[in-house]
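# Examination of the molecular architecture
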Protein chains: 2
Amino acid sequence: MSAKDGGVEEEQQQEQEQVQEEQVVNPWEVSAKQGGKIDYDKLIDQFGCQRLDKSIVDRVHRLTSRPPHIFLRRGVFFAHRDLNEILDAYERGEKFYLYTGRGASSEALHVGHLVPFMFTKYLQDAFKVPLVIQLTDDEKCMWKNLSVEESKRLARENAKDIIACGFDISKTFIFSDFNYVGGTFYENMVRINKCVTYNKAVGIFGFTGEDHIGKISFPAVQAAPSFPSSFPHLFSGKHNLRCLIPCAIDQDPYFRMTRDVAPRIGFHKPALIESSFFPALQGETGKMSASDPNSAIYVTDSSKDIKNKINKYAFSGGQDSIENQRKYGANLEVDIPIKYLGFFLEDDAELDYIRKEYGAGRMLTGEVKMRLIELLTELVERHRRARAAVTDEMVDAFMAVRPLPNMFA
Amino acid sequence: MSAKDGGVEEEQQQEQEQVQEEQVVNPWEVSAKQGGKIDYDKLIDQFGCQRLDKSIVDRVHRLTSRPPHIFLRRGVFFAHRDLNEILDAYERGEKFYLYTGRGASSEALHVGHLVPFMFTKYLQDAFKVPLVIQLTDDEKCMWKNLSVEESKRLARENAKDIIACGFDISKTFIFSDFNYVGGTFYENMVRINKCVTYNKAVGIFGFTGEDHIGKISFPAVQAAPSFPSSFPHLFSGKHNLRCLIPCAIDQDPYFRMTRDVAPRIGFHKPALIESSFFPALQGETGKMSASDPNSAIYVTDSSKDIKNKINKYAFSGGQDSIENQRKYGANLEVDIPIKYLGFFLEDDAELDYIRKEYGAGRMLTGEVKMRLIELLTELVERHRRARAAVTDEMVDAFMAVRPLPNMFA
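Conventions we followed
Residues numbered from 1 in each chain as written. Chains lettered and ligands numbered in written order. Predicted model: local features only at pLDDT ≥ 70, side-chain atom pairs only at ≥ 80, totals over all residues. Heavy atoms only, no water. Axes fitted to C-alpha atoms, helices over the stretch in contact; angles between N-to-C directions. Helix = DSSP H or I, 4+ residues; strand = E, 2+ residues; numbered from the N terminus. Parallel < 35°, antiparallel > 145°, perpendicular 65-115°, else oblique. Contact = heavy atoms within 4.5 Å. Buried < 20%, exposed > 50% of the residue type's maximum accessible area, 1.4 Å probe, protein only. Polar contact = N/O pair within 3.5 Å; in protein donor to acceptor, adjacent residues only side chain to side chain. Least-squares fit on C-alpha atoms with pLDDT ≥ 70 in both. Buried area = accessible area lost by both parts, 1.4 Å probe. Salt bridge = Lys/Arg side-chain N within 4 Å of Asp/Glu carboxyl O. Nonpolar A, V, L, I, M, F, W, Y, C, P; charged D, E, K, R; others polar. Pairing = 2+ DSSP bridges. Domains from an automatic or database assignment.

Two quantities define a packed helix pair, namely the angle between the helix axes and the distance between the axes. Residues and elements named next belong to chain A. For the pair helix H8 (residues 148–163) and helix H21 (residues 392–399), the least separation of the axes is 10 Å and the interaxial angle reads 90 degrees. With respect to each other, H8 and H21 are oriented roughly perpendicular. From H8, Arg156, Ala159, Lys160 and Ile163 reach across to H21, where they touch Asp392, Met394, Val395, Asp396, Phe398 and Met399.

Structure representation (structure tokens):
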């Protein structure tokens, strides 16, 4: 090999190969080890969070006097930080607030995007607590190189999808960073930023010197809603209110930083309840990608789109011929229709039945896909009807900076 | 030398010595080469700004039909960027706006702090243009490790001193970052941040990995007021309005960054008019230091304080005995009373007379100091009376987010 061919380029290639040997999970990249799936057990160890085990699910059941959400029962939300402390406080009669969010980078959400919002609505209803939803239009403006105006427009469009998930307007404040950053929210950003060195931020987020300083400024924006004083119109005088954040586990780095900072500036550490990723149609190697329309079912897809995508792209664990399927059965571990049914088919008995029959070869891929198509079409149609009913006035109402008089009732 | 004695510490010492061999001028440090004075010619070359020569002073005289301010005549404001473009536009009948600011790190201002405000008031009166004054309470909270509350309190206290300089409330908006950051101001911060890599920021500001990320987030806050859309209540629809920034030259790095970014986000580059530093009583090796009360005359000093400080600490270029002074005369180049008179003694003929007599040994240090004591006592008394008349309601009025209906009249 000549010097001309090697050197820097070769080193870069080696680095890339090294990266692919380990899974990468951070707010901007989710990729499994080459050819593999995300190893969630390893992620729990790596991040230092806790597994959400059956005893906590049972405790939630007991405390809320309602059956735990399907995403809890099925382990979609599988990890947490200090959830027991939130439940301890709740048991003592203390309330808390929920904080979740979304970076609005595309017009249409896919069904995976609905997962945290469906779950957050359940938490709001079950615990009867207020909720703040952050639309990080500033983040998308910076990472996706969208204009400020386009980012703000997308945030409003996404707000309609979020509202369509059924949140209680008397307990919910939705805000976009471009419309809300300022006041005590900005004060908290400064307090947070004072506690994090650049080196520390690099350790958490992997920034490089070629990243723009907007990226380095952003973590404080996502951290600030974890502290009640960022919302004086909601939590004035409630400095000690605890915060619970439902989110996908790729957001954990933001809140590791937040939790590290919190006691140093006089706040509770926010608690977290964290989900796995909704897999792409092509297989469970990462999150669905908004940039590949065939990797996901969108809430704007027609029933025909859904049927075509599931039949054509949903990775099957079934055998390559009817004979072999009857003989060997399907590999449920890699089968995407089975995964998707696990997210959305509420009836445990039916899901068990399908798993058993399909795994034993008595059911064919086409039949399982047909059930999934039916289920997703229903879900998407229901969402579309709900979204069509969301008016601009409702968006304004949810996003109005206002008190929520009976938010704990 | 053993390994134990040398190594890292020795290297650090060598680095420090190297630093002292060059002058350092940035927003947080002003220090001359060891034992020397700030070399302003070198600074102009190093920063790439332009010398403010007599032709520009004459042009300002002609355009404003009033004698140029003493700080212009005497070269206190000695450098600029694109001032001619502002004057070209002004001559064509276009207006502009002024932007200056202050980081409120201490209760009391010293007389050097008044320099940019006295000059800015002159510019406002002479050109009849609006003015925005930024109080960077967030900066001081982050750099001086003050609490948010204390920083905000100091900003309000300093606002009173600034208002006492006589600004026209119908043309002046004073804001503190903690009270104002948000809305289009925050949008502009994001636009700016997107254009500056961390490496670039390190090149301009000298950040290290151990600096907290608040420092890295701050330059955009100081840059944003350079763009009219950061003040929608003032400049709505005036996207093309030019901005002129009077400031001390240590602030140049912020505006080099701003000027680099401006055309990329669709704004004019702000123009600058930059002053030298007001020297410490002990000699002209840097700025006055708020941390050493004997290095400066404060606007809160009594006439007795002023007399004592000038007599005791003001570095004299006079000879060590009356006989020698009569024989050799004073070294005006290093004489602080002469420097201070150059800032504040408006009468050119009197200043010339003092310089000539003192330099020739016909005047003694004590006589020159007596004249300076008289002048500064007058200045400080006048300021104190004006400040005492500034009520909390006036501060609220100057800081109210409001339109300025006749700001160009």
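Continuing now.
Moving on to the side chain of lysine 309 of chain A. All names here are of chain A. Topologically, lysine 309 is positioned in helix H16 (residues 303–313). The class for lysine 309 is buried, based on a relative accessible area of 9%. A polar contact of 2.8 Å, which involves the side chain of lysine 309, links it to the side chain of aspartate 301. Contacts of lysine 309, omitting those with residues within four sequence positions, involve Leu281, Pro293, Asn294, Ala296, Ile297, Tyr298, Asp301 and Ala314.

Moving on, we get to the environment of glutamate 346 of chain B. Tracing the sequence through the fold places glutamate 346 of chain B in the loop between helix H18 (336–344) and helix H19 (348–359). Glutamate 346 of chain B sits 277 residues away from histidine 69 of chain B along the chain, and the two C-alpha atoms are 9.2 Å apart.

A few words now on the relation of the copies chain A and chain B. Of the two same-sequence chains, chain A is brought onto chain B (RMSD 0.0 Å, axial shift 0.0 Å) by a rotation of 180 degrees. The superposition of one copy onto the other is thereby described by a two-fold rotation axis. Residue glycine 182 of chain A, judged by its C-alpha, is the member of chain A lying nearest the rotation axis, at 2.2 Å.

Attention now goes to the interface of chain A and chain B. Taken together, the contacts link 34 residues of chain A with 34 residues of chain B. Between chain A and chain B lies a buried interface of about 3000 Å² when both sides are counted; carbon and sulfur atoms form 60% of it. Three residues, Tyr186, Lys194 and Ile213 of chain A, lead the burial of chain A against chain B; their summed loss comes to 24% of the area buried on that side. When the shortest N-O distance is used, the salt bridge between arginine 191 of chain B and glutamate 149 of chain A registers 2.8 Å. Between the two partners, chain A and chain B, sit 25 residue pairs in polar contact (both at pLDDT 80 or more). It is helix H10 (residues 183–193) of chain A that contributes the most residues to the side of chain A that touches chain B, 6 residues altogether. Of the residues in the side of chain A that touches chain B, the class split is 14 nonpolar, 11 polar and 9 charged.

We now examine the sheet that holds strand E3 (residues 50–51) of chain A. Working definition: the strands of a sheet are paired by backbone hydrogen bonds and lie parallel or antiparallel to each other. All names here are of chain A. The mixed open sheet is built from 7 strands, whose spatial order is E3-E4-E9-E8-E5-E6-E7. This sheet does not close on itself; its edge strands, each paired only once, are E3 and strand E7 (172–176). Where strand E5 (residues 96–102) lies against strand E6 (residues 131–135), 5 bridges are found, and the strand directions are parallel. Residue pairing in the sheet places threonine 100 in a bridge with isoleucine 133 of E6. Helix H2 (residues 40–47) contacts E3 and strand E4 (77–81) of the sheet and is inclined by roughly 10 degrees relative to E4.

With that out of the way, let us pick up the sheet that holds strand E8 (residues 242–248) of chain B. All names here are of chain B. Read from one edge to the other, the open sheet built from 7 strands follows the order E3-E4-E9-E8-E5-E6-E7, with strand pairing classed as mixed. Only two strands of the sheet have a single neighbouring strand rather than two, namely strand E3 (50–51) and strand E7 (172–176). Of the strands in this sheet, strand E6 (131–135) and E7 touch helix H21 (residues 392–399), which is tilted by about 95 degrees from E7.

Below, the discussion takes up the domain arrangement of chain A. All names here are of chain A. For chain A, the domain assignment lists domain 1 (25–281) and domain 2 (303–389). With centres defined by C-alpha atoms, the gap from domain 1 to domain 2 works out at 30 Å. Between domain 1 and domain 2, a total of about 1900 Å² is buried, with carbon and sulfur atoms accounting for 63% of that surface. Interface area lost by domain 1 to domain 2 is led by Arg74, Phe278 and Leu281, which between them contribute 35%.

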